[in-house]
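Understanding the architecture of this molecule
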Amino acid sequence: FIQNTAISFRSGSSIYLSNVNYTKCLYSNLAENSNKNGATINLRHFIDLNVFNCEMHKNKGPVVKAYYGQRINSIENVFVENIAINGVGLYINLCKYIVIANTVFHYNKAIESGGAVLVMDPRHFNITNSTFSHNAAKSGAAVELQHCRLVTYKKCRFIHNSAQKYGIVTLLQCKII
């Protein structure tokens, strides 16, 4: 999807999406939906969201926006030069289990929070072997996590990220192991 408007998938209150997979995809130069709710990938009420080996370049609005999900896996993805108000690469709210592995976030910019990733209210957030470089935001230049029960970081690299107010990685009411 190159130079198109964003794609939005929503479910009704009694329909849940299961095993949603994005594999080897390229999203470039996509504009945020006109209703300001949208993102390149926008899901609500789902069981599993898997984003594998995708490239996201120069998009406006959060690239992946997810609400009310069970599991999200972001594996071997590249997020470069995207811009949004909050949560540029991944904007995740009320999803139970989140895994980010072998993923690269370069030169992303949030106007407010989460220059690369903004996650709110997860039960478990696990990030492994990922790189965050030259991302910027007022708060959480690379990552902002809010109200986490359990956070695991392993072998991550944070290089030249810039926060105007609070931290490269901002954790609000989270338990880290």
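Residues numbered from 1 in each chain as written. Predicted model: local features only at pLDDT ≥ 70, side-chain atom pairs only at ≥ 80, totals over all residues. Heavy atoms only, no water.

Observations concerning the pattern of salt bridges
This structure, assessed with the given rule, holds 2 salt bridges. One salt bridge connects Arg71 with Asp48, and the closest N-O pair in it is separated by 2.6 Å. Taken together, the residues Arg71 in strand β5 (residues 64–75) and Asp48 in strand β3 (residues 41–52) connect sequence positions 23 residues apart. For Asp48, a relative accessible area of 11% puts it in the buried group. (Salt bridge = Lys/Arg side-chain N within 4 Å of Asp/Glu carboxyl O. Helix = DSSP H or I, 4+ residues; strand = E, 2+ residues; numbered from the N terminus. Buried < 20%, exposed > 50% of the residue type's maximum accessible area, 1.4 Å probe, protein only.)

Details of the state of the cysteines
Following the criterion strictly, the structure yields 1 disulfide and no others. Each sulfur in the disulfide pair Cys25 and Cys54 lies 2.0 Å from the other. One disulfide, between Cys25 and Cys54, carries an S-S torsion of 105° and so falls in the right-handed class. Note that Cys25 is positioned in the loop between β1 (20–23) and β2 (26–28) and Cys54 in the loop between β3 and β4 (55–57), a separation of 29 residues in sequence. The pair formed by Cys25 and Cys54 is uniform in burial state, with each residue classed as buried. (Disulfide = S-S within 2.5 Å.)

Topic: the pairing of strand β12 (residues 117–120)
Of the two faces of β12, the one lined by Val117 and Val119 and the one lined by Leu118 and Met120 are each fully buried. Sheet analysis places strand β8 (residues 90–93) next to β12, joined by 4 bridges and oriented parallel. Each bridged residue has a counterpart across the sheet, and for Ile92 the counterpart in β12 is Val119. Relative to strand β16 (residues 143–146), β12 runs parallel, the two being bridged by 4 bridges. Looking at β16, one finds that Val119 is bridged to Leu145. (Pairing = 2+ DSSP bridges.)

Considerations on the nonpolar core
Formed by 35 residues in total, the largest nonpolar core has its most connected members in Tyr22, Leu49, Val117 and Phe125. For this core, the secondary-structure elements that each account for two or more residues are β1, β3, β5, β8, β9 (97–101), β12, β13 (124–128) and β16. Take this core: its biggest share by element is 5 residues, from β3. Among all residues touching Leu49, those that are not within four sequence positions of it are Val20, Tyr22, Leu43, Val64, Ala66, Arg71, Ile72 and Asn73. (Core = buried A, V, L, I, M, F, W, Y, C linked by side-chain atoms within 4.5 Å. Contact = heavy atoms within 4.5 Å.)

Side note on the side chain of Asn93
By the element assignment, Asn93 lies in strand β8. The contacts of Asn93, once residues within four sequence positions are left out, are Ala66, Tyr67, Tyr68, Met120 and Asp121.

Geometry only, nothing functional implied.
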